[in-house]
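A closer look at the structure
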Amino acid sequence: MRFSMLIGLLRPIGPVIIGISLGFTLSLLSVSWVEESCDINFIGDEGIILSQDGSLKGARRPNSISTGNDGEEEEEDFQPRIIPYKPVKQSQPKKLFRAKYISTELGIRERLFVGILTSKNTINSLGVAVNRTISHHLDNVVFFTGTRSRKIPHGMVVVTHGDERLIWNMFQTIKYILEHYITEYDWFYLAQDDTYTQADRIKALVEHLSMDRVLYMGSPEEFIGGEMQGRYCYGGFGYLLSRSLLLRLQPFLENCRNDILSARHDEWLGRCIIDYADTNCVEEFEGQKYYYYEMGKNSDPSKEDNVQFKNALTVHPVSDPEQMYRLHKHFTEIELQKTYEEIEKLQAEIKNVSVVAFEGNRSALWPVGINPPFEPKTRFEVLRWDYFTEDQVYSCIDGSPKCELRGIDKLDVADVIETAMGELNKKYKPVLHLKKQQLINGYRRFDPTRGMEYTLDLQLEVVNQKGHSRSITKRVHLVRPLSRIEIIPMPYVTEATRVHIILPVSLQDREQVHQFLEVYATNAFETSENAILTFLFIYDPIEAQQVNQNDIFASVKAQISAYEHRYPTVKVPWISVKSGSPSQIKFMDIISKKHPVDTLFFIATVKTSINSEFLNRCRMNSINNWQVFFPIHFQFYNPDIAYHNQPLPNTMDLVKEAGHFDRSSFTEACFYNSDYMATRTRMSSDVQENEEILENLDIYEMFVKYSGLHVFRAVEPDLHQKYSYQPCNPRLSEDIYQRCVQSNLDSLGSRSQLAMLLFEQEQGNST
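Residues numbered from 1 in each chain as written. Predicted model: local features only at pLDDT ≥ 70, side-chain atom pairs only at ≥ 80, totals over all residues. Heavy atoms only, no water.

**Things to note about the overall build of the protein**
- Scanning the protein from N- to C-terminus turns up 23 helices and 30 strands.
- Every one of the 767 residues in the protein was classed for burial, and the buried ones make up 39%.
- At a minimum sequence separation of 6, the contacts of the protein that also span at least 24 residues come to 68%.
- Accessible area of the protein: about 47,900 Å², with a carbon and sulfur share of 54%. (Helix = DSSP H or I, 4+ residues; strand = E, 2+ residues; numbered from the N terminus. Buried < 20%, exposed > 50% of the residue type's maximum accessible area, 1.4 Å probe, protein only. Contact = heavy atoms within 4.5 Å. Areas by Shrake-Rupley, 256 points an atom, 1.4 Å probe, with all protein chains shown as cover.)

What follows is the structure, given as structure tokens:
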């Protein structure tokens, strides 16, 4: 009883007692390790306690002080030394090299490189067809040929080896890939130009293959004669080479060229890979199969029902470009149908899942998978619906209440009605058959978050299975969704191109030349802008006869000489022409012949204020053999109207009270001489039939009608024009003349300014 009570009392303090005991025990043990030896010791050079025999006696104690006799002797013998200070020379820090692209710094490579083996005879036919069918699906397509003609097809990257021997071309192709692309890509696909390649399927194949595999994949073939073991990939169906395989082959490539003899380039490559990389051609790897199909002569792709053909990655041989395009059309339709099936499957899954959502089926937006409609936050953000019928639209660009439905708008409405009828019949067949009688009401609006929306009220004739019919009205909602945003490849341009500014000057423009030269000298002459200003003096026949006695442009030429004297490095040439009917095209015909084909022109007016910012955009937006640029300048209003009864400001800003962007003016233009000459050549046949077309058209309409170039039209905030009345030439076409008149009217002032001026006049008349 007492023992249990004692145990109960000791239990709470038991851990304390045990802890104290352990602490004492450990402290006693540690003293034996730290305590110094009784022998005579001295401190070595590194502060470690050593015995007389040099053995280590204990741990280092930085704060310990020796009190023995030897220590006193050491203190007496200590001689201080002065260590001179030597400043540390700071070396120049190495400049840190940073790669231009993040992918280069991180070692990220592209997935697939495509090389097409072509020849001088087929590059302009089959080569072009291959490029058109696969280049917009793949990142990099390079064509390898022995020799080529002088003219390279546009939009193709062509590498020439300089010899038509097949083995030599294959060797040079592999060598070129190893030198230029081996660090940038994981997989390399090589094919001939008589092979159709389904680009999306090739990309999907390499996405499912491990990038570090040593792989030689294609259509396996036995070597001719059967003497050599192994199989090579037949070149007609193309083949895949992994980066690891090419790196393994790289040290032995010269050996392959010298030691291996073969009549076929694909067989030569196969022997090289088998001998030095110990790899055979395979048709299937890691569950992925390389499907191919051998095409019969004059076969019709639409009639091929073979499963192997439908699954093929490549088809060979292709005899002509037309057959290549037919194959591409067929396989594109197959892929499109698969895409539609996948979309329908996803839409069904979304509907099934939305049933168990909080709001039920209402949580599934219509159409399924499309962004929800735009929700306005204020009254000013409400999107407007435009009303239309099959023949008329009730919202016109020129502000008219009603105008004829034509052009692309008419095609759009017809396509929407046809789609609506197709979807209705798909929904109600075979019970009912619907026929369109007329479109009663049509509404459309553009929603920036999802696309173009339509609401149609259709009057339909409904016919049942028994043949009975009646007329009904059905409302249909449709959406034309926005497609995926893509980056369009553009040719390379630079801001270093010299701009040749052409300034036409007529009798009416003489007084404004002085102001133009003052602004241009400040913005171009003083900054050494890479541009050449050329005056084009336009004389009528009478003025041209009196040029020696009374030159109407003598004062202008004197101003030019004065500026050349002020700026010795500047030369301002001029060209004089005689014309009874001024025409942009006639003048450009003369100027074009006096300049090289790669000249970049900017057509200006004496009212135009030019600066370096605009000239840079002129260089960037004008692309040789691709695009011409027609800027929309900012036109200042008539100061007597815009600043009526107000002092004129020292500087005019781009505000709506000061002016507007003149969309009716097409006088300024940036384009290359080669593009002008090519367009002018296409126009020559029409000029022979009707010479007046040169006077009726301006350069803008010429490029729109006769060139296949992009006509880039955009507002230009750095291109300004002060107000002045512009005389309109009635000999030009009706459209051009009306644009000129409209430009003069719009440049007077804003509607509110004109209304206020009329109101003041009415008030003055009434009083």
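**Observations regarding the packing of aromatic side chains**
- Evaluation of the coordinates by the stated rule reveals 36 aromatic pairs.
- Aromatic pair Phe-666 and Tyr-700: ring centres 4.2 Å apart, planes at 35°, arrangement tilted. Taken as a pair, Phe-666 in the loop between strand E28 (659-661) and strand E29 (669-672) and Tyr-700 in helix H21 (residues 699-706) lie far apart in primary sequence, 34 residues in all.
- Phe-666 sits in the buried class, given a relative accessible area of 12%.
- The rings of Phe-601, Phe-630, Phe-666, Phe-671, Tyr-676, Tyr-700 and Phe-703 are connected pair by pair, giving a single aromatic cluster.
- When the ring centre of Phe-388 is taken as reference, the NZ or CZ atom of Arg-444 above it lies at 5.8 Å.
- One residue, Arg-713, lies across the ring of Phe-666, its end atom 3.9 Å from the ring centre. (Phe/Tyr/Trp six-rings, centres within 6.5 Å; stacked < 30°, edge-to-face > 60°. Lys NZ or Arg CZ within 6 Å of the ring centre and 35° of its normal.)

**Side note on a nonpolar patch on the surface**
- Nonpolar side chains collect at one region of the surface, where Val-16, Ile-20 and Phe-24 lie side by side and expose about 320 Å² of accessible area between them.
- Following the sequence through the fold, Ile-20 ends up in helix H1 (residues 2-34). (Patch = residues over 30% accessible without salt bridge, like charges linked within 9 Å, V, L, I, M, F, W, Y side chains within 5 Å. Salt bridge = Lys/Arg side-chain N within 4 Å of Asp/Glu carboxyl O.)

**As for the side chain of His-633**
- One can find His-633 in strand E27 (residues 627-636).
- Within the structure, the side chain of His-633 is placed 3.3 Å from the side chain of Gln-635, a separation counted as a polar contact. (Polar contact = N/O pair within 3.5 Å; in protein donor to acceptor, adjacent residues only side chain to side chain.)

**Some words on the pairing of strand E4 (residues 141-145)**
- Where burial is concerned, most of E4 is hidden: five out of the five residues are buried.
- Where strand E3 (residues 110-117) meets E4, four bridges bridge the pair, whose relative direction is parallel. Within E4, the position partnered with Ile-116 by the bridge is Phe-143.
- Handedness of the crossover is the feature at issue here: the chain leaves E3, passes through helix H4 (residues 123-134), returns alongside E4, and the resulting connection is right-handed. (Pairing = 2+ DSSP bridges. Right-handed = clockwise from strand over helix to strand, strands pointing away.)

**Some thoughts on the pairing of E3**
- Of all eight residues making up E3, seven are buried, and the element is well covered by its neighbours.
- Two strands pair when backbone bridges link them, and E3 and strand E6 (residues 185-192) are joined in this way by seven bridges, in the parallel orientation. Residue Leu-112 lies in a different strand from E6, and its bridge partner there is Trp-187.

**A short note on the UniProt feature "coiled-coil region" (unreviewed entry) in the protein**
- The feature "coiled-coil region" (unreviewed entry), as given by UniProt, occupies residues 329-356 in the numbering adopted here.
- The distance separating the terminal C-alpha atoms of residues 329-356 is 42 Å; by composition the span is 93% helix and 0% strand. (UniProt positions renumbered as here; feature names shortened; annotations may be inferred.)

**As for the side chain of Lys-557**
- As for its placement among the helices and strands, Lys-557 is situated in helix H15 (residues 554-566).
- Using a relative accessible area of 14% as the deciding quantity, one classes Lys-557 as buried.
- At 2.9 Å, the side chain of Lys-557 and the side chain of Asp-551 are in polar contact.

**As for the packing of helix H19 (residues 673-689) against H21**
- One can describe the packing of H19 onto H21 by two numbers: an axis separation of 10 Å at closest approach and a directional angle of 75°. Between H19 and H21, the interaxial angle falls into the category roughly perpendicular. Side by side, H19 and H21 meet where Asp-675, Tyr-676, Thr-679, Arg-680, Arg-682, Met-683 and Asp-686 of the first sit next to Met-702, Phe-703 and Tyr-706 of the second.
- The residue inventory of the contact of H19 with H21, partitioned by class, reads five nonpolar, one polar and four charged. (Axes fitted to C-alpha atoms, helices over the stretch in contact; angles between N-to-C directions. Parallel < 35°, antiparallel > 145°, perpendicular 65-115°, else oblique. Nonpolar A, V, L, I, M, F, W, Y, C, P; charged D, E, K, R; others polar.)

**Brief notes about helix H13 (residues 510-525)**
- Along its 16 residues, H13 runs 21 Å from first to last C-alpha, staying within 8% of the 22 Å computed at 1.5 Å per residue.
- Buried residues along H13 sit against strand E22 (499-505), strand E23 (531-539), H15 and strand E26 (608-609). (Expected span 1.5 Å × (residues − 1).)

**Regarding the confidence of the model for the protein**
- Mean pLDDT for the protein: 84, with 88% of residues reaching 70 or above.
- Least confident of the elements in the protein is strand E1 (residues 42-43), whose mean pLDDT is 39; most confident is E29, at 96. (pLDDT = per-residue confidence, 0-100.)

**Overview of the pattern of salt bridges**
- For the structure shown, the criterion picks out 29 salt bridges.
- Notably, a salt bridge pairs Asp-212 with Arg-213, separated by 3.4 Å at the nearest N-O pair.
- Judged by its relative accessible area of 52%, Asp-212 is exposed.
- Between Arg-619 and Glu-529 there is a salt bridge, with the nearest N and O atoms lying 2.8 Å from each other. Here Glu-529 lies in the loop between H13 and E23 and Arg-619 lies in helix H17 (residues 612-621), a separation of 90 residues in the sequence. Neither residue differs from the other here; Arg-619 and Glu-529 are each classed as buried.

**Structural notes on the state of the cysteines**
- Per the stated rule, a full pass over the model turns up five disulfides.
- Through a disulfide, Cys-618 is tied to Cys-670; the S-S separation comes to 2.2 Å. The S-S bond linking Cys-618 to Cys-670 shows a torsion near -125°; that makes this disulfide left-handed. Taken together, the residues Cys-618 in helix H17 and Cys-670 in strand E29 connect sequence positions 52 residues apart. (Disulfide = S-S within 2.5 Å.)

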